[in-house]
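# Summary of structural features
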Amino acid sequence: MTAVDDTMEMVEGQRSGEDAPTLVVENLKTHFFTRVGAVKAVDDVSFTVRAGEILGLAGESGSGKSITGFSILGLIDPPGRVVSGAIRFKGEDLVTASPERLRGLRGNRIAMIFQDPMMTLNPVLRVDTQMIEAIQAHRKMDRKAARQRAYDALEMVGIPSPGERLNAYPHQLSGGMRQRVAIAIAFLNEPDLIIADEPTTALDVTIQAQILHEAQALCKRTGTAMIWITHDLAVVAGLADRIAVMYAGRIVETGETDDVIDKPLHPYSVGLLGSVPSANKRGERLNQIPGMTPSLIGLPPGCAFKARCPRASELCNTTPDVSELIPGRKIRCHHPHLEEAAQ
Amino acid sequence: MSEFMIRRFFQSAIVILAMSAIVFFGVNVVGDPVDMLINPEADQADIEATIRALGLDRPIGEQYLFFLKGIWVGDFGKSFIFGQPALQLILQRMPATMELAFAALFLSIVIGIPLGLFAGLRPESRASKGIMAGSIMGFSLPTFWVGLMMIIIFAVELGWLPSTGRGDTATFLGITSSLFTLDGLSHICLPAFNLALLKISLVIRLTRAGTREAVHQDYIKFARAKGLSDRRIIGVHLLKNILIPVVTVIGLEFGSLIAFSVVTETIFAWPGMGKLLIESILVLDRPVIVAYLMIIVALFVFINLAVDIVYSLLDPRVRLRDQGA
């Protein structure tokens, strides 16, 4: 247990800056250089996450949210590359860090949970093997102690009879169980940051609710920061402290969850929320955003949403800057819905 | 598991019985061994006597039943040429063929898997393209020609390695093999590599294809996200998954290594079963040909069974299904 105490102390020491953010992403650009041209999957994205905070990163498929997550972990494979920007994890820039340093951080200080639990665990290795190796990759610990730690982690995420599950192969577990195992693996080394890439999308609604609740409780208890990537605003509404809405590789709006949900400023957020069914819109036709997500290849200059936006004007042919019109709410738009927000 | 084993056992028995009929009647069509065996100056009475002595005067159906009865007690008949039991003749030559086949199998694994992994992990590199071009050569060049070239280069021109025979043998743990002496090892180099060439190419292609597919799987990305070392990701997470098809194919190909050794043994004058078979075919020594073919059939059947069992050890999903059965 001393090893754990030591790390906890270390973490405390580094947090002495009082509320210094765990992660600061500044002007991150991740592009994929394909034969038909550069795909700007992530284009000038900035955000911060503090210890114990859950940031919901919401957007349609292809908006660049998963690529943002992989960029932080340094897991972008060619032809993709982080072109510019900074990813500061507790003050250390990850973009310029050595591959060996990144490997040391991955799974240790920054963990990730993937979307499809049926695919993330190796089908030919037992659960205990896959958990113990995750511990032993980062600290010297004998098998027995590591196994005990794996047992505790499974218990923590609410898996019944963890001893049996440790000896099981992934195919012997249900989807929900497998995702719990993946979450337990993410928490094994008590990371400072967990990136969850739509971890509940592939699960039933009831299991989804349980896992959301557990993840939230674990973050608050351990002080772990979390980035929850999702396309489902209803999921993050009840989970995240803050929301960042992504569209075509850019964050178009950030703010406290309640503010963004109640009074969205960006026309895209307004459209997205308008298309979510809810009790007080019973019997009405759901709104939908006209058009399609644009192709990220050869995107015309200016706001990427202009072709689908009811408020678009000549001005939108120039890319809007990020502005903080209301304290705590950042937005990238020339024509935000300020009048509704003022009411 | 046991139900599966019993079913497989009966299937195997039927396959062997069917093959015995095909082999026996097939060989009878090929030609009359009496012409080859008897002195051209012998008179009709001598010929008749020889035919009766070999049991060739009986109707073919009766000969087959007699043959089956013999097999049941392990008697494949006596060689027309040597006068020794055919089975004994073949078993005497078997160790030489087995050691050649095992050496070739070993080479195809230790050369094929690493090269295939490399080509799969770095598909764009120049070395990978060289490996793949080499494997196409291995597939398409005829074995006998490569064997002859190897003799010309390594035995005749360079004089590094001997080109014929088995060399010295030694006995270790009750097995007499040329693998246990330096001289024997130098003799087995060329024929083993010649025999392995096709299999190396096959293993390279299988391993490469498996690797290319597996590296894009989520479980590999997840393993990287856990911060595991490249060595562990490739050596455990990747390799264990791609070994499943590779083991299946290598196992099944082991039978064909033994069968294909006919060509290699003839070129390198390797005193194994293959060389015996060719000699027996030339003089139409029917019992030896039939016994050889039956042994190869039995071997294939047994290997198939063994592969199924190893496969279930490697892949836990197969194991579960068998337990359910």
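Reading guide: rules and limits
Residues numbered from 1 in each chain as written. Chains lettered and ligands numbered in written order. Predicted model: local features only at pLDDT ≥ 70, side-chain atom pairs only at ≥ 80, totals over all residues. Heavy atoms only, no water. Axes fitted to C-alpha atoms, helices over the stretch in contact; angles between N-to-C directions. Helix = DSSP H or I, 4+ residues; strand = E, 2+ residues; numbered from the N terminus. Left-handed = near helix turned anticlockwise from the far one by under 90°. Parallel < 35°, antiparallel > 145°, perpendicular 65-115°, else oblique. Contact = heavy atoms within 4.5 Å. Nonpolar A, V, L, I, M, F, W, Y, C, P; charged D, E, K, R; others polar. Patch = residues over 30% accessible without salt bridge, like charges linked within 9 Å, V, L, I, M, F, W, Y side chains within 5 Å. Areas by Shrake-Rupley, 256 points an atom, 1.4 Å probe, with all protein chains shown as cover. Salt bridge = Lys/Arg side-chain N within 4 Å of Asp/Glu carboxyl O. Lys, Arg positive; Asp, Glu negative; His and termini not counted. Charge placed at Lys NZ, Arg CZ, Asp CG, Glu CD. Buried < 20%, exposed > 50% of the residue type's maximum accessible area, 1.4 Å probe, protein only. Pairing = 2+ DSSP bridges. Phe/Tyr/Trp six-rings, centres within 6.5 Å; stacked < 30°, edge-to-face > 60°. Domains from an automatic or database assignment. pLDDT = per-residue confidence, 0-100. Buried area = accessible area lost by both parts, 1.4 Å probe. Polar contact = N/O pair within 3.5 Å; in protein donor to acceptor, adjacent residues only side chain to side chain. Core = buried A, V, L, I, M, F, W, Y, C linked by side-chain atoms within 4.5 Å. 1 Å grid on protein atoms, 1.4 Å probe; cavity = no way out; pocket = protein on both sides within 12 Å on 5 of 7 lines; lining within 4 Å. Points joined across faces, edges and corners; volume = space filled by probe spheres on them. Expected span 1.5 Å × (residues − 1). Arc of directions from axis to C-beta.

### Considering the packing of helix α5 (residues 86-121) of chain B against helix α8 (residues 182-214) of chain B
Close contact between α5(B) and α8(B) brings their axes to 6 Å; oriented N to C, the two are set at 35°. The element α5(B) and its partner α8(B) pack so that their crossing is right-handed.

### Re the packing of helix α5 (residues 127-136) of chain A against helix α6 (residues 143-156) of chain A
Residues and elements named next belong to chain A. Interaxial distance between α5 and α6 falls to 9 Å at its minimum, and their mutual angle equals 110°. On the basis of their axis angle, the class for α5 and α6 is roughly perpendicular. The two elements α5 and α6 cross, and the hand of that crossing is right-handed. Of the residues in α6, those touching α5 at Asp128, Met131, Ile132, Ile135 and Gln136 are Arg143, Ala146, Arg147, Arg149, Ala150, Ala153 and Leu154. Its residues assigned to classes, the contact of α5 with α6 shows seven nonpolar, one polar and four charged.

### Side note on a negative patch on the surface
Residue and element names in this part refer to chain A. A contiguous patch of negative charge on the surface is contributed by Glu256, Asp258, Asp259 and Asp262. Here the negative patch takes three residues from helix α11 (residues 257-262), the largest share from any one element. Here Asp259 is to be found in helix α11.

### Considering the pairing of strand β10 (residues 250-256) of chain A
All names here are of chain A. The buried fraction of β10 is high, at six of seven residues. Relative to β10, strand β9 (residues 242-247) runs antiparallel, the two sharing six bridges. If you follow Ala244 over to β10, its bridge partner there is Thr254. Hairpin connection between β9 and β10: a loop of two residues separates the two successive antiparallel strands, and Ala248 in this loop has a positive phi of roughly 50°. As defined by bridge partners, β10 adjoins strand β12 (residues 329-331) across two bridges and the pair is classed as antiparallel. Counted as the bridge partner of Thr254 is Lys330 from β12.

### Let's talk about the environment of A:Ala97
For A:Ala97, the location among the structural elements is in the loop between β5 (92-93) and α3 (99-105). Owing to a relative accessible area of 17%, A:Ala97 belongs among the buried residues under this scheme.

### A look at the packing of aromatic side chains
Here the structure, examined in full by the defined rule, presents twelve aromatic pairs over all chains. Following the ring pairs from residue to residue traces out a cluster consisting of B:Phe24, B:Phe25, B:Tyr64 and B:Phe67.

### What to know about the domain arrangement of chain B
Here chain B is partitioned into domain 1 (2-72) and domain 2 (93-263). Between the C-alpha centres of domain 1 of chain B and domain 2 of chain B there is a distance of 38 Å.

### Comments concerning the pairing of strand β6 (residues 110-113) of chain A
Residue and element names in this part refer to chain A. Residues of β6 alternate between two faces, with Ile110 and Met112 on one and Ala111 and Ile113 on the opposite face, all of them buried. In this structure, β6 lies alongside strand β7 (residues 193-197), joined through four bridges in parallel fashion. Looking across to β7, one finds that Ile110 is bridged to Leu193.

### Topic: the sheet that holds β5(A)
All names here are of chain A. What the four strands build is an open sheet, ordered β2-β1-β4-β5; its pairing is antiparallel. Each edge of the open sheet carries a strand with a single partner, namely β2 (37-49) and β5. Across eight bridges, the pairing between strand β1 (residues 23-34) and strand β4 (residues 80-89) is antiparallel. By the bridge assignment for β4, His31 is matched with Arg81. Docked against the sheet, helix α2 (residues 65-73) engages β1, β2 and β4, running at close to 105° with respect to β1.

### Remarks on the confidence of the model for chain B
All names here are of chain B. For chain B, per-residue confidence averages 82 on the pLDDT scale, and 92% of positions sit at 70 or higher. Predicted confidence in chain B is weakest over helix α13 (residues 316-324), with a mean pLDDT of 55, and strongest over helix α9 (residues 218-225), with 90. What the predictor reports for the complex is a pTM of 0.75 with an ipTM of 0.82.

### Examining unusual backbone geometry
Residues and elements named next belong to chain A. In this structure, the amide linkage connecting Pro78 to the following residue, Pro79, adopts the cis form with an omega of 5°. Residue position: Pro79 is located in the loop between α2 and β4. You will see that Glu198, though not glycine, has its phi angle at about 45°, which is positive. Structurally, the position occupied by Glu198 is in the loop between β7 and α9 (205-222). Using a relative accessible area of 6% as the deciding quantity, one classes Glu198 as buried.

### Overview of the interface of chain B and chain A
Listed by partner, the interface residues are 22 residues for chain B and 29 residues for chain A. Summed over both sides, the interface of chain B with chain A buries roughly 2,300 Å², with 61% coming from carbon and sulfur. For the pair chain B and chain A, the interface holds three salt bridges. With a shortest N-O distance of 2.5 Å, A:Glu133 and B:Arg232 are connected by a salt bridge. Inspection of the region where chain B meets chain A yields 13 residue pairs in polar contact (both at pLDDT 80 or more). Secondary-structure elements contributing two or more residues to the side of chain B that touches chain A are α9, α10 (230-267) and α13 of chain B.

### Notes on the nonpolar core
Within the largest apolar cluster, 95 residues are counted, with the highest numbers of intra-cluster contacts made by A:Leu23, A:Phe47, A:Ile72, A:Met131, A:Ile227 and A:Trp228. If one sorts the elements of this core by residue count, helix α8 (residues 175-187) of chain A sits on top with eight residues. Two domains share this core, each providing at least three of its residues, namely domain 1 (23-109 + 191-342) and domain 2 (118-188) of chain A. Membership of the second largest hydrophobic core comes to 49 residues, among which are B:Ile289, B:Val290, B:Ala291 and B:Ile303.

### Some details on the sheet that holds β6(A)
All names here are of chain A. The eight strands lie next to each other as β6-β7-β8-β3-β9-β10-β12-β11, forming an open sheet whose pairing is mixed. Whereas interior strands pair on both sides, the edge strands pair on one side only; in this sheet they are β6 and β11 (323-326). With strand direction ignored, the average angle separating the axes of adjacent strands in the sheet is 20°. Against the sheet, α2 contacts β3 (54-58), β6, β7, β8 (225-230) and β9, and its axis sits at roughly 150° relative to β7. The strands that α9 touches are β3 and β8; relative to β8, the one it contacts most, it runs at about 155°.

### Re empty space enclosed by the protein
All names here are of chain B. Within the structure shown, the criterion is met by five cavities of 30 Å³ or more. Secondary structure elements with two or more residues in the lining of the largest cavity: α7 (143-157), α8 and α10. Top element by residues in the lining of the largest cavity is α8. It accounts for five residues.

### Quick look at helix α6 (residues 126-140) of chain B
Residue and element names in this part refer to chain B. For α6, which comprises 15 residues, the first-to-last C-alpha distance of 21 Å matches the rise-based estimate of 21 Å (1.5 Å per residue) to within 8%. Every buried residue belonging to α6 is among Ser128, Ile131, Met132, Ser135 and Gly138, and all of these are buried. Angularly, the buried residues of α6 cover 115° about the axis, an arc narrow enough to put them on a single face. Residues of α6 that are exposed and point more than 90 degrees away from the buried face comprise Arg126 and Ser140. Of the surrounding secondary structure, the elements contacted by the buried residues of α6 are α5 and α8.

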